[in-house]
Amino acid sequence: GESVGLHLPTLSVQEGDNSIINCAYSNSASDYFIWYKQESGKGPQFIIDIRSNMDKRQGQRVTVLLNKTVKHLSLQIAATQPGDSAVYFCAENLENNDMRFGAGTRLTVKP
Amino acid sequence: KAGVTQTPRYLIKTRGQQVTLSCSPISGHRSVSWYQQTPGQGLQFLFEYFSETQRNKGNFPGRFSGRQFSNSRSEMNVSTLELGDSALYLCASSLVGRDGYTFGSGTRLTVV
């Protein structure tokens, strides 16, 4: 069935390196995507979003790339810091306005 | 501006009891959605309210219910609690569609 999925459940990077977190989606009609960061004991925190009419969007130290051809979404974090350690979720907005979430990727930043 | 506020933050209940959780959305947001988050199942959609009407519903039993008030604040209720209802309950709000879909910090419910 259609799903939002993450290629890697865990990612470990060295402090200062760049991180790339990937997400595959299979609903070609999804028009809006969001990345969230969730720290232990907290709710998901909005990081960045992108609409389907764009292929790239940049924020502060983060960039989201959308490849509609292969239905792939990625989150790039530049100069990863210990405070970036968290679980990252991608979410897609389906055509009926349902939000569907991926399972999440745990990012660990080593000092 | 204030974010999404959920109360209480933590709750411990006994099997068979019922519980009510509260969510105050961001000012101006009219859509409020509820999710259950567990380590094994991830984020699962419970229901969405918009202008005091339930607009969408997930696949949860009738023990899970909710409502929304005229000021957009929402409550969810779980009756006849089971051990498996232990989870982090999150609400998220947005204007009309999904732009800026923002979560609260959640209510951690433990059923013993």
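Above this text sits the structure in question.
The text that follows walks through the structure, step by step, so that each part is easy to find.

Parameters and conventions
Residues numbered from 1 in each chain as written. Chains lettered and ligands numbered in written order. Predicted model: local features only at pLDDT ≥ 70, side-chain atom pairs only at ≥ 80, totals over all residues. Heavy atoms only, no water. Helix = DSSP H or I, 4+ residues; strand = E, 2+ residues; numbered from the N terminus. Contact = heavy atoms within 4.5 Å. Areas by Shrake-Rupley, 256 points an atom, 1.4 Å probe, with all protein chains shown as cover. Lys, Arg positive; Asp, Glu negative; His and termini not counted. Charge placed at Lys NZ, Arg CZ, Asp CG, Glu CD. Core = buried A, V, L, I, M, F, W, Y, C linked by side-chain atoms within 4.5 Å. Buried < 20%, exposed > 50% of the residue type's maximum accessible area, 1.4 Å probe, protein only. Disulfide = S-S within 2.5 Å.

Turning our attention to the overall build of chain A. On a plain count of helices and strands, chain A comes out with zero helices and 11 strands. Taking contacts inside chain A between residues at least 6 apart in sequence as the whole, the part at least 24 apart equals 52%. Here chain A displays about 5,500 Å² of accessible surface, and carbon together with sulfur accounts for 45% of that area. Between the mean site of the 11 positive side-chain charges and the mean site of the 11 negative ones, chain A shows a separation of 4 Å.

Core analysis: the largest hydrophobic core is formed by 21 residues, its most contacted members being Trp34(B), Leu46(B), Phe64(B), Met76(B) and Tyr89(B). Taken together, the elements giving at least two residues each to this core come down to β3 (19-24), β4 (31-38), β5 (42-50), β8 (74-78), β9 (87-94) and β11 (107-111) of chain B. By size, the runner-up hydrophobic cluster in this structure holds 20 residues, among which are Val13(A), Trp35(A), Val64(A) and Leu107(A).

Quick look at the state of the cysteines now. The full count for this structure, using the stated rule, is two disulfides over all chains. Each sulfur in the disulfide pair Cys23(A) and Cys90(A) lies 1.8 Å from the other. Disulfide Cys23(A) to Cys90(A): torsion about the S-S bond roughly 50°, handedness right-handed. Taken as a pair, Cys23(A) in strand β3 (residues 19-25) and Cys90(A) in strand β9 (residues 86-93) lie far apart in primary sequence, 67 residues in all. Relative accessible area serves as the criterion here: at 1%, Cys23(A) is assigned to the buried category. The disulfide bridge from Cys23(B) ends at Cys91(B), spanning 1.9 Å between sulfur atoms.

Here we come to unusual backbone geometry. Of note, the amide linkage connecting Thr7(B) to Pro8(B) takes the cis form, showing an omega dihedral of -10°. Relative to the helices and strands, Pro8(B) resides in the loop between β1 (5-7) and β2 (10-13). The backbone phi angle of Ala79(A) is positive, close to 50°, even though this residue is not glycine. Along the polypeptide, Ala79(A) turns up in the loop between β8 (72-77) and β9.

Remember that the coordinates give geometry; whether it matters functionally is a separate question.
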